[in-house]
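# Remarks on the overall topology
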Amino acid sequence: FNQLQLEIKEYFESHNMNPKMPVKYFVCASQIPGVFNYGGDLSLFSKLIETQDKEALYEYAKVCIDVVYLNAVNLDIPITTIALVEGDALGGGFEAAISCNVVIAEEQTQMGLPEIRFNLIPGMGAYSFLARLVGTKMTEEIIGSGQMYDASDLYKMGVITQVVKEGKGEVALRKYMKRNSRLFNGMLALQEARRRYAPIEYDELLDITKIWVDAALKLTPMDLKMMHKLVDAQTNKNSHTRFKL
């Protein structure tokens, strides 16, 4: 995923940010029905925590930061990043969605950050992205509750951009791109103004990731047992299974 981001960025840079075949939108979506993204590799997390492998845990987290940071800054090129959420987004999957400049979600989808259920917080951008969208109080309520939220609720809260009927996500995405293409220059300026007002700094994401790693290494066997329950759900072959805690 990161390699694709870097290749698109290199394409723009090699043409002085004005390629002959312009790319206006970078869309993140899923090919699995009912699932946008179920988040990080919890099985790996638990193994690294049990062996107290701080370096490997940090390297995993840093790779995640590299991806969501580029989403958040629109790859540092004149494009718009969009998350098309047609299935549930959990933990790092939720972070991946809200790292994008625009989030279009179907009404049946649910999103949430369950990490607090095993005595941890999300560490790959959730606090930074949410705080800029809804403020610190609501951010800490979302993270501290560990609950799943319906797309319509997240829209009302100001977390996501648009909610559409089930099965209409791609149609809505294409309408959004077509409608905004005529105003693309103005929309880019709006994105830049937002970034200037509330900039996303790579070092901020990295520092919070370090906090996450330190906290993860302090998890108890009971905490890991709860994590293993999520691992079982995460690896369930039924892609439509909801996470129930």
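Look up: the structure comes first, before these words.
As a starting point, this report considers the structure included with it. Remember, predicted model here, so these are calculated numbers, not experimental data.

### Structural notes on the overall build of the chain
Of regular secondary structure, the chain possesses ten helices and eight strands. Against the compact-globule benchmark of 18 Å for 245 residues, the chain has a radius of gyration of 18 Å, which places it among compact chains. The principal-axis extent of the C-alpha atoms belonging to the chain is close to 55 × 40 × 35 Å. For the chain, the proportion of its 245 residues judged to be buried stands at 45%. Considering only contacts in the chain between residues 6 or more positions apart, those separated by 24 or more positions represent 74%. For the chain, the accessible surface area stands at approximately 12900 Å², while carbon and sulfur atoms represent 54% of it. Of the side chains in the chain, 27 bear a positive and 30 a negative charge, and the two mean positions are spaced by 7 Å.

### Some remarks on the nonpolar core
Residues Leu57, Phe94 and Val159 are the most contacted members of the largest nonpolar core, which totals 56 residues. For this core, the element with the most residues is helix H3 (residues 54–72), which contributes seven residues. Once residues within four sequence positions are removed from consideration, valine 159 is found in contact with Phe94, Ile98, Leu130, Leu133, Val134, Ile142 and Leu154.

### What to know about the packing of helix H1 (residues 2–13) against H3
Put simply, H1 and H3 touch, their axes get as near as 9 Å, and they point 40 degrees apart. Of the possible angle classes, the one that applies to H1 and H3 is oblique. Viewed along their axes, H1 and H3 form a crossing whose handedness is left-handed. For the pair H1 and H3, contact is made by Asn2, Gln5, Leu6 and Lys9 and by Asp66, Val67, Leu70 and Asn71, respectively. Residues of the contact of H1 with H3, tallied by class, amount to three nonpolar, three polar and two charged.

### What about helix H7 (residues 169–181)?
A rise of 1.5 Å per residue sets the reference length of H7, with its 13 residues, at 18 Å; its end C-alpha atoms lie 18 Å apart and thus fit the reference within 8%. Restricting attention to buried positions, one finds in H7 the residues Gly169, Ala172, Leu173, Tyr176, Met177 and Asn180. For H7, the buried positions fall inside an angular range of 135 degrees around the axis, keeping them on one side. Seen from the buried face of H7, the exposed residues on the opposite side, beyond 90 degrees, are Arg174, Lys175 and Lys178. In the core, the buried residues of H7 are packed alongside strand S1 (25–28), strand S3 (80–85), strand S5 (102–106), strand S8 (162–164) and helix H8 (184–197).

### Considering the packing of helix H2 (residues 42–50) against H3
Two elements in contact, H2 and H3, have axes separated by 8 Å at closest approach and are oriented at 150 degrees. By the angle between their directions, the pair H2 and H3 is classed as roughly antiparallel. On H3, the residues that touch Leu44, Phe45, Leu48 and Ile49 of H2 are Ala56, Leu57 and Tyr60. Taken together, the residues that form the contact of H2 with H3 break down as seven nonpolar, no polar and no charged.

### Some remarks on the pattern of salt bridges
In a structure, side chains of opposite charge can pair up when their charged atoms sit close to one another. Overall, the coordinates contain seven salt bridges when judged by the stated rule. Between glutamate 170 and arginine 174 there is a salt bridge, with its nearest N and O atoms 3.1 Å apart. One end of the pair is glutamate 170 and the other is arginine 174, both in helix H7 and four residues apart, which spans about a single turn. The structure contains a network of salt bridges with shared partners spanning Asp76, Glu192 and Arg195.

Conventions and cut-offs
Residues numbered from 1 in each chain as written. Predicted model: local features only at pLDDT ≥ 70, side-chain atom pairs only at ≥ 80, totals over all residues. Heavy atoms only, no water. Helix = DSSP H or I, 4+ residues; strand = E, 2+ residues; numbered from the N terminus. Rg over C-alpha atoms; globule rule 2.2 N^0.38 Å. Buried < 20%, exposed > 50% of the residue type's maximum accessible area, 1.4 Å probe, protein only. Contact = heavy atoms within 4.5 Å. Areas by Shrake-Rupley, 256 points an atom, 1.4 Å probe, with all protein chains shown as cover. Lys, Arg positive; Asp, Glu negative; His and termini not counted. Charge placed at Lys NZ, Arg CZ, Asp CG, Glu CD. Core = buried A, V, L, I, M, F, W, Y, C linked by side-chain atoms within 4.5 Å. Axes fitted to C-alpha atoms, helices over the stretch in contact; angles between N-to-C directions. Parallel < 35°, antiparallel > 145°, perpendicular 65-115°, else oblique. Left-handed = near helix turned anticlockwise from the far one by under 90°. Nonpolar A, V, L, I, M, F, W, Y, C, P; charged D, E, K, R; others polar. Expected span 1.5 Å × (residues − 1). Arc of directions from axis to C-beta. Salt bridge = Lys/Arg side-chain N within 4 Å of Asp/Glu carboxyl O.

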